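# Structural characterization, general
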Amino acid sequence: MASACCALGMALSAQAAEIKVGLLSQFSGPYAWWGKEYRRGVDLYLEQIGSKVGTHTVTVLARDEGGTSPQKSRQLAQELVVRDQVQYLLGGTFTPTVLGVTDVATQTKTPFVICNAGTSSVTQKSPYFIRVGFTTWTVSVPLVQYALSQNLKKAVIVAADYAPGQDAMDAFGKTLSKLGGTLSGEVKVPLGTTDFSSYLHRVRDLQPQAVFMFMPVGPMSTGFIKAFKERELDKAGITLLANAETNEADLGAIGDSALGLTTALHYSPHLDNATNKAFVAAYKTKYGKSELPSIASLAAYDGMRLIAEMIRANDGVRDGDKAITAAKGFKWESPRGPVSIDPKTREIVQNVYIRKVEKIDGQLGNKSFQTFTGVKDPWHEANPQ
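To start, this report covers the structure provided alongside it. Not measured: the values here are computed from a predicted model.

### Quick word on the pairing of strand S3 (residues 56-64)
Relative to S3, strand S1 (residues 18-25) is paired through eight bridges, and the arrangement is parallel. Among the inter-strand pairings, lysine 20 is bridged to a residue of S3, identified as threonine 59. Bridge count between strand S2 (residues 52-53) and S3: two bridges; the pairing is antiparallel. By the bridge assignment for S3, valine 53 is matched with histidine 56. Taking the residues between adjacent antiparallel strands as the criterion, S2 and S3 are bridged by two residues, where glycine 54 takes a positive phi near 65 degrees.

### Quick notes on empty space enclosed by the protein
If you walk through the whole model with that rule in mind, you get four cavities of 30 Å³ or more. Estimates place the volume of the largest cavity at around 200 Å³. Lining the largest cavity are 18 residues, with Asn116, Phe134, Tyr162, Phe214 and Pro216 sitting closest to its centre. Each residue belonging to the lining of the largest cavity can be placed in one class, and the counts come to 12 nonpolar, six polar and no charged. One number sums up the size of the second largest cavity: a volume of about 40 Å³. Lining the second largest cavity are Ala244, Asn247, Glu248, Leu265, Tyr267, Ser268, Pro269, Pro293, Ser294, Ile295 and Arg355. Per-class residue counts for the lining of the second largest cavity are six nonpolar, three polar and two charged.

### Focus: the nonpolar core
Note that soluble globular proteins tend to have their nonpolar side chains buried in a common cluster. Of all hydrophobic cores here, the largest spans 123 residues; its most connected members are Phe212, Met304 and Leu306. Broken down by element, this core gets its largest block of residues, 12 residues, from helix H12 (residues 295-314). Discounting chain neighbours no more than four positions away, the residues touching methionine 304 are Val21, Val42, Tyr45, Leu46, Val58, Val60 and Leu90.

What counts and how
- Residues numbered from 1 in each chain as written.
- Predicted model: local features only at pLDDT ≥ 70, side-chain atom pairs only at ≥ 80, totals over all residues.
- Heavy atoms only, no water.
- Pairing = 2+ DSSP bridges.
- Helix = DSSP H or I, 4+ residues; strand = E, 2+ residues; numbered from the N terminus.
- 1 Å grid on protein atoms, 1.4 Å probe; cavity = no way out; pocket = protein on both sides within 12 Å on 5 of 7 lines; lining within 4 Å.
- Points joined across faces, edges and corners; volume = space filled by probe spheres on them.
- Nonpolar A, V, L, I, M, F, W, Y, C, P; charged D, E, K, R; others polar.
- Core = buried A, V, L, I, M, F, W, Y, C linked by side-chain atoms within 4.5 Å.
- Buried < 20%, exposed > 50% of the residue type's maximum accessible area, 1.4 Å probe, protein only.
- Contact = heavy atoms within 4.5 Å.

Structure (structure tokens):
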């Protein structure tokens, strides 16, 4: 009888487990916006499911990477997995911080759902990495295709000088050359740059029809777009094209310099679909009528959706291999549109939208006018593992 009671107790315990998720991001410093938005996406999703997946309670433990040190991210991940017993990791802001988690995720078989870090090769570093954000290649190739359709064939690339920036230069340059365009030059800009005058002077001298830019979301993006407009490169007949740089959270700081700017990205809070409208409404209800979700809050929201599916598949038991198997090929309706996890690459398959910055309900926003559907990461297509 005692043995039977013990077995019953263990079964009940398994049915009502506490599942811990470790959230890694920037919660302090110049990129603290990422941590705030990740937390908002996580909290909104947990609120909508009552912090429950089946009978299991989901708890999120947030840790501040506070910079780009891979060593610090590795230490935080190890503490979360070994000491705090988290079953899943979520977040990651920069490629170096994500790569710092590689050994921890691989050796402990802990799935890491990556919300940012745009370097395509990242997911090849560990079989327990899954990306729900986007890669630079995924959004850059459609932007080049759009530019060529507008007869913008001669271009310069201006990119921040770090791994995703190199990916952007490769994606823009190789696609442009492959499709018959001409690359006039590449301009690398050090991270943290605030004065863009010398770089824009070089762009003007190269006399392109278009500039493909890549900067991290935040101060560099804002500064470059404003400087481009102030130096009247647009009046010199040069078209500026971008990806995430007109993030709605930065448009207020950029101001009317952003009006008319064309970008390619997988999300805008102004997307016209029912799932997004419900998501935006819920976000505004929770965080304020003037607030809008971003690529960061969306990634964390969808990341929790994917983790919930893995928890469901494992029924609360820690099993990284089974969790990854459940994630591969999983499909759902995201606010960004229909998405799935590519079973070969563990990258998200998603729509990429060509957008233009307009005044929407009196505020600057990204309005989509063309869609590339079901885009797989092109770099992985050309570089299978």
